[in-house]
Protein chains: 2
Amino acid sequence: MTKEPKIRNKLVYGFGEGEADGYGTLKNLLGGKGANLAEMAGHPDLKLPVPPGFTITTEVCNFFYSNQRKYPEHLKKEVLSAIEKLEKQSGKKFGDPSNPLLLSVRSGARQSMPGMMDTVLNIGLNDQTIKGAILQTGDERFVFDSYRRLIMMYADVVMEKAAGLEPPDGKGIRKILEEKLESLKKMKNYSVDTDLSPADLKELVQDYKQTVFSVLGKPFPQDTLEQLWGGISAVFASWNGKRAIEYRRIEKIPNEWGTAVNVQTMVFGNMGNDCVTGVAFTRNPGNGENHFYGEYLINAQGEDVVAGIRTPAPINEFSKNSQSKELQTLESLMPEIYEELDEYQRRLETHYKDMQDIEFTVEKGKLYILQTRVGKRNGVASVKMATDMYEEGLIDKNTAIKRVSPAQLLELLLPQVDPLIEKNTPFIAKGLPAGPGGASGKVVFTNEEAISWTEKGEKVILVREETSPEDVDGMHTAQGILTSKGGMTSHAALVARGWGKCCIVGCSELEIDLKNKCFTTLDGTVIKHGEWITLNGTKGLAYKGALPLVNSDIAENSTYKKLMTLIDETKKLGVRANVENPSDAEIALNFGAEGIGLFRTEHMFYGEESEKPLLLLRKMILSQDEKERREALDELYNYVKKDIKATLKVMKGLPVTIRLLDPPLHEFVPHDKEKLIELSKELKVPRRILEKRILALHENNPMLGHRGVRLGISYPEITEMQIRAILQSACELTLEGIEVRPEIMIPVVVSSNELKHQKVVVEKVSKEICGNHDLSKVKYLFGSMIETPRAAIKANRLAIEAEFFSFGTNDLTQMSFGFSRDDIGGFLPTYLNQNILYSDPFVTIDQDGIGELLRIAIERGRSVRPDLKIGLCGEHGGDPESVKFCHNLGIDYVSCSPFRVPIARLAAAQAVLEEN
Amino acid sequence: MTKEPKIRNKLVYGFGEGEADGYGTLKNLLGGKGANLAEMAGHPDLKLPVPPGFTITTEVCNFFYSNQRKYPEHLKKEVLSAIEKLEKQSGKKFGDPSNPLLLSVRSGARQSMPGMMDTVLNIGLNDQTIKGAILQTGDERFVFDSYRRLIMMYADVVMEKAAGLEPPDGKGIRKILEEKLESLKKMKNYSVDTDLSPADLKELVQDYKQTVFSVLGKPFPQDTLEQLWGGISAVFASWNGKRAIEYRRIEKIPNEWGTAVNVQTMVFGNMGNDCVTGVAFTRNPGNGENHFYGEYLINAQGEDVVAGIRTPAPINEFSKNSQSKELQTLESLMPEIYEELDEYQRRLETHYKDMQDIEFTVEKGKLYILQTRVGKRNGVASVKMATDMYEEGLIDKNTAIKRVSPAQLLELLLPQVDPLIEKNTPFIAKGLPAGPGGASGKVVFTNEEAISWTEKGEKVILVREETSPEDVDGMHTAQGILTSKGGMTSHAALVARGWGKCCIVGCSELEIDLKNKCFTTLDGTVIKHGEWITLNGTKGLAYKGALPLVNSDIAENSTYKKLMTLIDETKKLGVRANVENPSDAEIALNFGAEGIGLFRTEHMFYGEESEKPLLLLRKMILSQDEKERREALDELYNYVKKDIKATLKVMKGLPVTIRLLDPPLHEFVPHDKEKLIELSKELKVPRRILEKRILALHENNPMLGHRGVRLGISYPEITEMQIRAILQSACELTLEGIEVRPEIMIPVVVSSNELKHQKVVVEKVSKEICGNHDLSKVKYLFGSMIETPRAAIKANRLAIEAEFFSFGTNDLTQMSFGFSRDDIGGFLPTYLNQNILYSDPFVTIDQDGIGELLRIAIERGRSVRPDLKIGLCGEHGGDPESVKFCHNLGIDYVSCSPFRVPIARLAAAQAVLEEN
């Protein structure tokens, strides 16, 4: 859909020599680069030595595309007059054989799209102007090299790509010309480009011109104005190049934004030893320390610093590292230049109030600032800079909070694969990033091995097709988990995320061969049992070998603590944690949880110490009548109560929401013969009968089966036991003088009648316990999970019975989409690739659909109970986008795994700042 | 919650002797019985000889309960003056020893609650008045017998039950007194009550009085007014008796309605051979024929006719049956009385404009009409009466349509177990009534047996724990299906309902022993393989042996056709059918379907002729890449097209909605070793590899898995093949001059992007086929199932792409409740028993929850596409209540199994008539 774009009269904005037509906030019109150049050149606080130039606006780009690639009429005149101005400023003339002005033509969109669009340098060189250039620079080799580069770049970008002449085999003009260069070097027996003599280059230029003509059917243009317009058109054309379109799709950049074109006087850092090019940061992007930090190369161009062929030198002492510590600093090499640069970087940071990434060039002793932009930084640096700048008074509190992204904060919380090493290591497999952080260990394939190897002091990575509750000990003990099946909310992913454990799931290219104890990756790499591998759970990449990890101990990080204080002062949304036992609760408290939003009592039936309670649970499940069931429950009571009491105690008066038994019972019964025989002995029930009872528990769709409150209604004695454990604990602690705030939560509710039914049980038990204790001090709440679509729709009826709601968005997503989270591996990747869904609804809440159900439930619930407390305890509670959505919905709190609590707090604070 | 009821000044309404204070429409105030008595006595068109009496209003009942069981002050005065009036009319006096008036006291609620409340007869007899009674009747034996009965009834109803003195062991005063009678008879060696002499009865009366005093601590009251008030209070008290409360709960009768009390002069049909008691119907309730029909007994009381101890005689020639054909008719015995009775029945039917069920008594040559009410009738009679009465001009069209209940219409469509025989046969097992009608056959336990036995000419009932798609041939061939597992929407239930086949499911008390080829019922009855059983699928009851069935051939039933014409003139909602093949479509047309609302193409992969297409489907499913898949699809195309084309042809221009492939693919792959080996040979793929591919298809919750449009997106070539089959068929038929209206329906949609994706495929194929044919005449619609909660919520987005919606309420119910219909057996019975849900949401649509989602979807869908066609094709489309709900929602059509089409048409017409 093309709309006729508005276009203003002024299409070209000049900058340089202390003045500029534009300024920094005109990003939409001038693009990021253009606006920054104008700001640097023209702003009274900056007035930096920017190579003069001008920017053609993004509006021209849009005009270009909606008018069959033509330009507005007055563009030509404006460009010519801008060039005249450049000529005046530089004393050179564009196309002048005696003293030619050389220009670069670069793209510059509103948001940076690094490397996605085209650039042409050295425009203005032709067979005539090279003479003047040689005269001016006195460097024939340099000029011919520049001319050769112009011809190649121009032929490639303008004459071939922009004209749509790229051959399908990929062997375009650039490749052909590069081969010419290589064969010349080979013929002459040269090893590097710099071996080429001026005469060689002269010969190459001739060859290049002929080749361009014979391949593309047109000569390389000698008319410098034709060169310029060719360059401009090519940049605009590259906005709709394949790579750029794809990038915009991924980054969600609208097509209508368009790109600006920046035409700028060329400066050269490669004209001799009085020339320098470099990149610097106003603070250290690796650790956030407030020292000017950067690298430079003598006699080089910008891309040489990035390319990493020569080791760049440090600009000052603070910038030295192990590789560069012997090299001379810029500070000592060119003290005046350094001082000038230092002055500029101070101005820039003070002006932009953020750490800047600066490109600079010294051409024959004169310093130019080529570019400034907000510098990228890692998590530690981000937190440190935000708190430092706040304390320095450079930024206010809100800005400090907005500065740190949730992903950066997460980096702080977890060990990471050393990024410098990882960059140069090819990965062997790619899966879904289910549990962030890094982990290294030896490959094991079973739960038992994971445990026994760890006991022997080994670090292990547990590799499985899928994990099940029976694997939890091994998962817990392993450094990381790698599975070949399952999605972002598979068992492995959920459990790992809960523990803050590194985990990659759904790595479908992995072929696990348990017989031969090894796995094979897509490229045929075979990793054997006991071999080291390393996981980057943040990116979902696996590596062969033990890559080093970098750690960050949050407890010692004082800037982290300062930031979190600012965050807590700002946020309105409560943040609680989902836990499974008292030690989880302690971790959650340390991470700043303001309560427990979901205490899963069933956890005691999994894992290491579950033997006895699991046996009792199985006895209860497989009992034939209420009497047998009650006997088992009476014994089970002690285990349940112990966990609940300890958790209530840890949380000292903070709310603890205890969910009654949720999973279908058959999840707890053994399915293999061996364990069945064992159980048969222990329960003294013949195996045949056990098998029959277990079969009767089988369900085709357990997710939609006999679970949650349905169990509590079928077997009220189960509810009774749990309520007794909760209220008895609460009473005892109250008598010990410890404040408690238990909240009883009923899962999988569809109707208010279910709540009524369970309330009768709760009130019965409450009265009984009241008889033994002074319950007047113990207050508990009674509430409902909202995790079925019907519950959301009927919220006005449920709120009559429930004092609080808690959205179980995992199940709500499963049921509303009809997506089983265990089974989405079969189609979700296709859905995401084809943009049928824009994100995994189990990771980030589906605001359109699920969000609408939440809105309905909140509105209806509060319509009958205005003070209804509303929380969310699905996995989404730890996802920053979802947390912000929750804030905007007006719910009271989110609850997430302990390791996600700081992330949720940050997102909650940012949500406040993003209002309006 | 008791609210202070309003109460008017008049509390007592008299009737009799050609006048009445009340009338027939005062049912709320006088109860059904009281209002009818007033109407019969007082209405100028009737003026029937009703035994005089009076009615105490229901308002008194409510007053009684909200004032500690006290009465309004002026009640006493009104009752006394009403009795005075009765005394005047009868010339007798209440409590007069010389000529006593005897009264009955009966309950009478707004809606009949047969047998649920108490009655006291013969009030007014005491030690003094018996003398006058003997004097008046000249029948000592009769009077003492009546007195004995009064004492027993009064002691039981008034002195014990109403006083709350019932002993917990159930051995109450009635039982004690009955034992006295029995022991007297035993002592005297009498066989029946009538052997008792007046002296015996006199002795018994004495004994009764003493026993009452010693057991209940109070004497039987001699004060006749105390008797009367005791009776009245007892009737009011019985409104809140256990049985009555339970009955009201089931029948959804509000507690606030209360009961009236009817006090009436006693008349006796048992005072000699000039006395008669009888029951008559204004038309034959068994077949609907317009003849006066009834039975009577000489010298008997009303309950004797009902009790069936003596064979009643026919009132006229039309009423004779095989047992009564030799007995004298009332018409010949008492021609004048008969003529009078006939005159009254005519008046009653003309007045009430419906068939009446009349109780009458002749006391010493005088005819009394005791009661009239609308007569119950079976399905055949109901349809005949409604059309006859309409044609006679007795009722209008709307009344005729309202007269027939959907259940009665269903009786017409299916064979039934002969109700007369069934009444006297104990059932051996009770399950869920999944497929209505009756069926008899020999028990078989496997699909194969069902087929082979039927081929040998045997009728069989297939008895299974559960059925699966592999059983469909046996199910089809069997007379009926009985399963021990599964709910109302289990596989067996769904399939049976679709075929109109008799089926009972979830008969959990059945223990099937396949080893010994038999099953055992709860009471220990063992039914062996090959034994005859009979199923009543309407009630869910199974019987041993072959009970006779009564058939009704709809095609020959002209009254049915007349009724359906009236119905179709009235209804607005369209009714389509869900079919699986062309022969289904023909059946549907015969049942009046106006199109196909759901054509399930996957049916061809089940059942007898599925061998080849199923193999091709399996080949497609288990193929490794798109190429292999396309090869299989190309072959499969011919089968798919054949079915679609034939169905479009059958439906001659009526719309045919074709749903694209819906079930998860793994449903079609074999799981047992034998079939796998076979498949491995046929596909020429090693079994090990097949097993691996099948394992990869396994899903934990297939209902929420890779199915519906998710398949079409993962494998667009499957959609492509189906669309090609649809459009190619449509083109060919159009060229043959046959009108077609295909509608392409996408299943399991959650997002408009899915529809967009599939539309691209549809349009591509459409263009291709357009090239070969003149497609301008072929119109097709493109639409979406709405069966996920998210689809309902996002209906405004879906309606941009979809030209029609079809609600898949089965899945919508599953996902919104989180109820897997395969697994609800574990908890749904408890939910229904405990009134947590009021009905099975898979049988009758959950108007509160699912209904709300439908409303949202309709509103949102039509907001962007006002002419959006909306249908419903879940099982609910054949449920009358749900059909009415759909009419009220304003959707365009429902679609149900062919056998349900007439039911849906009736319900749709009734919905129009029920609109205010």
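First, a word on scope: everything that follows refers to the structure included in this document. Per chain, the residues get numbers from 1 upward, laid out in the order the sequence is written. Here every chain gets a letter starting at A, and every ligand a number starting at 1, in the order they are written. Owing to the predicted nature of the model, reporting of local features is limited to residues with pLDDT of at least 70; listing and counting of side-chain atom pairs is limited to 80 or more, with chain, interface and lining totals taken over all residues. To get the side-chain values, all heavy atoms of the structure are used, and hydrogens and water are removed first.

Only DSSP runs of H or I with at least four residues qualify as helices, and only runs of E with at least two residues qualify as strands; both kinds are numbered from the N terminus onward. Of the regular secondary structure elements, chain A holds 35 helices and 32 strands. For chain A, with 916 residues in total, the buried portion stands at 59%. Whether two residues are in contact is decided by their heavy atoms, any of which lying within 4.5 Å being enough. Long-range pairs, those at least 24 residues apart, make up 67% of the contacts in chain A with a sequence separation of at least 6. Throughout, the Shrake-Rupley method with a 1.4 Å probe supplies accessible areas, and for residues the shown protein chains are the sole cover considered. With the model as given, the accessible surface of chain A reaches about 38,300 Å², and the carbon-plus-sulfur share is 50%. Whether a residue is buried, partly exposed or exposed follows from its accessible area with a 1.4 Å probe, protein chains only, as a fraction of its type maximum: under 20%, in between, or over 50%, in that order.

With that settled, the discussion passes to the relation of the copies chain B and chain A. Alignment of copies: least-squares fit on C-alpha atoms of residues with pLDDT of at least 70 in both copies. Overlaying chain B with chain A gives an RMSD of 0.2 Å, the required rotation being 180° about an axis along which the chain moves by 0.1 Å. Here the transformation between the copies is reduced to the relation of a two-fold axis. Here 100% of the interface residues in chain B have copies in chain A that are interface residues too; the copies meet face to matching face.

All names here are of chain B. Around the barrel, which closes on itself, the 8 strands sit in the order 25-26-27-28-29-30-31-32 with parallel pairing between neighbours. In this sheet, neighbouring strand axes are inclined to one another by 30° on average, regardless of whether the strands run parallel or antiparallel. Paired strands, in this sense, are two strands between which DSSP finds at least two bridges. Where strand 26 (residues 596-600) and strand 27 (residues 655-659) come together, 3 bridges link them in parallel fashion. When the bridges of strand 27 are listed, Arg600 appears paired with Arg659. Only C-alpha atoms enter the line fits that serve as axes; for helices the fit covers just the stretch in contact. Angles between N-to-C directions range over 0 to 180 degrees.

Take the sheet that holds strand 4 (residues 103-109) of chain B next. Residues and elements named next belong to chain B. Strand order in this open sheet of 6 strands is 2-1-3-6-4-5, and the pairing throughout is antiparallel. With partners counted over all chains shown, the strands left at the sheet margins are strand 2 (19-20) and strand 5 (119-123), one partner each. Two elements, strand 4 and strand 5, share 3 bridges in a ladder whose sense is antiparallel. Within the sheet, the bridge partner assigned to Arg106 lies in strand 5 and is Thr119. With respect to the sheet, helix 1 (residues 27-42) is in contact with strand 1 (12-16), strand 2, strand 3 (53-56), strand 4 and strand 6 (259-265), its orientation differing from that of strand 4 by roughly 120°.

Okay, the interface of chain B and chain A next. Counting from both sides, the interface comprises 49 residues of chain B and, opposite them, 49 residues of chain A. Accessible area that two parts lose when put together, with a 1.4 Å probe and added across both, is what the buried area reports. Roughly 4,300 Å² is buried in total at the junction of chain B and chain A, and carbon and sulfur atoms are behind 52% of that figure. For the chain B face of the interface with chain A, the top three residues by lost area are B:Asn701, B:Leu704 and B:Arg790, together amounting to 15%. Every case where a carboxyl oxygen of Asp or Glu lies within 4 Å of a side-chain nitrogen of Lys or Arg is listed as a salt bridge. Linking chain B to chain A there are 8 salt bridges. Taking the shortest distance from any N to any O, the salt bridge between A:Arg790 and B:Asp846 comes out at 2.7 Å. Under this definition, polar contacts are N or O atom pairs within 3.5 Å; protein pairs additionally need one hydrogen-donor-capable and one acceptor-capable atom, and for neighbouring residues in sequence, both atoms have to be side-chain atoms. On the surface where chain B and chain A come into contact, there are 35 residue pairs in polar contact (both at pLDDT 80 or more). Listing elements by their share of the side of chain B that touches chain A, those giving two or more residues are helix 26 (709-714), helix 28 (752-772), helix 29 (789-793), helix 31 (809-817), helix 32 (828-833) and helix 33 (850-864) of chain B. In terms of residue class, the side of chain B that touches chain A is built from 17 nonpolar, 18 polar and 14 charged. Each residue gets one of three labels, nonpolar for Ala, Val, Leu, Ile, Met, Phe, Trp, Tyr, Cys and Pro, charged for Asp, Glu, Lys and Arg, and polar for the others, Gly among them.

The next point concerns the pairing of strand 25 (residues 574-579) of chain B. Residues and elements named next belong to chain B. Most of strand 25 sits out of view: 6 of its 6 residues are buried. In this structure, strand 25 lies alongside strand 32 (residues 893-896), joined through 4 bridges in parallel fashion. Paired with Val575 across the bridge in strand 32 is Val894. With 3 bridges connecting them, strand 25 and strand 26 associate as parallel partners. Looking across to strand 26, one finds that Asn578 is bridged to Leu598. Looking down the strands as they point away from you, a crossover is right-handed if its path from the first strand over the helix to the second goes clockwise. Taken together, strand 25, helix 21 (residues 582-590) and strand 26 form a β-α-β motif whose crossover is right-handed.

Okay, the packing of aromatic side chains next. Residue and element names in this part refer to chain A. We call Phe, Tyr and Trp rings a pair once their centres come within 6.5 Å, taking the six-membered ring for Trp, and we label the pair stacked below 30 degrees between planes, edge-to-face above 60, and tilted otherwise. Overall, the coordinates contain 31 aromatic pairs over all chains when judged by the stated rule. Judged by centre distance (5.6 Å) and plane angle (90°), the ring pair of Tyr154 and Phe220 falls under edge-to-face. With Tyr154 in helix 5 (residues 140-161) and Phe220 in the loop between helix 7 (198-216) and helix 8 (224-238), this pair connects stretches of sequence that are 66 residues apart. Members of the aromatic cluster, connected to one another through ring pairs, are Phe64, Tyr65, Tyr71, Trp229 and Phe236. The ring of Tyr13 carries the charged tip of Lys10 above its face, separated from the ring centre by 4.8 Å. Placement of a charge over a ring requires the Lys NZ or Arg CZ to be within 6 Å of the ring centre, with the centre-to-atom vector within 35 degrees of the ring normal.

The next thing to look at is the state of the cysteines. Where two cysteines share a covalent bond between their sulfur atoms, that bond is called a disulfide. Residues and elements named next belong to chain A. The criterion for a disulfide is a pair of cysteine sulfur atoms lying within 2.5 Å. Evaluation of the coordinates by the stated rule reveals 0 disulfides over all chains. Unpaired in terms of disulfides, Cys507 finds its nearest cysteine sulfur in Cys503, a separation of 11 Å. Residue classification places Cys507 among the buried positions, given a relative accessible area of 1%.

With that settled, the discussion passes to the packing of helix 5 (residues 140-161) of chain B against helix 8 (residues 224-238) of chain B. All names here are of chain B. At a minimum axis separation of 10 Å, helix 5 and helix 8 run at an interaxial angle of 50°. Comparing the axis directions of helix 5 and helix 8 gives the class oblique. In this structure, helix 5 crosses over helix 8, and the sense of that crossing is left-handed. Between helix 5, through Leu150, Tyr154, Val157 and Val158, and helix 8, the contact on the second element is made entirely by Glu226, Gln227, Gly230, Gly231 and Ala234. Of the residues belonging to the contact of helix 5 with helix 8, the class tally is 5 nonpolar, 3 polar and 1 charged. Here is the rule for angles: anything less than 35 degrees is roughly parallel, anything more than 145 is roughly antiparallel, 65 through 115 is roughly perpendicular, and the remaining ranges are oblique. By the definition used in this description, the sense in which the near helix is turned from the far one sets the handedness, with an anticlockwise turn below a right angle giving left-handed and a clockwise turn giving right-handed.

What follows deals with helix 35 (residues 901-913) of chain A. The end-to-end C-alpha distance of helix 35 of chain A, which contains 13 residues, comes to 19 Å, matching closely the 18 Å that a straight helix rising 1.5 Å per residue would cover. In terms of burial, helix 35 of chain A is largely enclosed, as 13 of its 13 residues are buried. Helices are assigned an expected span. That span is 1.5 Å times one less than the residue count.

Core analysis: the largest hydrophobic core is formed by 301 residues, its most contacted members being A:Ile891 and B:Ile891. Setting aside anything within four residues of it in sequence, one finds A:Ile891 in contact with A:Leu573, A:Phe807, A:Ile858, A:Arg862, A:Ile870, A:Gly871, A:Leu872 and A:Cys886. In these notes, a set of buried Ala, Val, Leu, Ile, Met, Phe, Trp, Tyr and Cys residues joined through side-chain atoms within 4.5 Å is what counts as a nonpolar core.

Residues and elements named next belong to chain B. The terminal C-alpha atoms of helix 3 (residues 75-90) lie 22 Å apart, and with 16 residues this matches the ideal 22 Å at 1.5 Å per residue to within 8%. Of all the residues in helix 3, the buried ones are Leu75, Glu78, Val79, Ala82, Ile83, Leu86 and Glu87. Trailing helix 3 by a residue or two, Gly91 shows a phi angle of about 75°, which is positive.

Before going further, it helps to examine a negative patch on the surface. Residues and elements named next belong to chain A. Judged by side-chain charge, Glu611, Asp672, Glu674, Glu678 and Glu682 come together as a negatively charged surface patch. In terms of residue count, helix 24 (residues 673-683) provides more of the negative patch than any other element does, 3 residues in total. Classification of Asp672 by relative accessible area gives partly exposed; the value is 33%. Patches here are clusters of residues that have more than 30% relative accessible area and form no salt bridge, with a 9 Å joining cutoff for like charges and a 5 Å cutoff for nonpolar side chains (Val, Leu, Ile, Met, Phe, Trp, Tyr). Only four residue types enter the tally: Lys and Arg on the positive side, Asp and Glu on the negative side; His and the chain ends are excluded. Charge positions come from single atoms, namely NZ of Lys, CZ of Arg, CG of Asp or CD of Glu.

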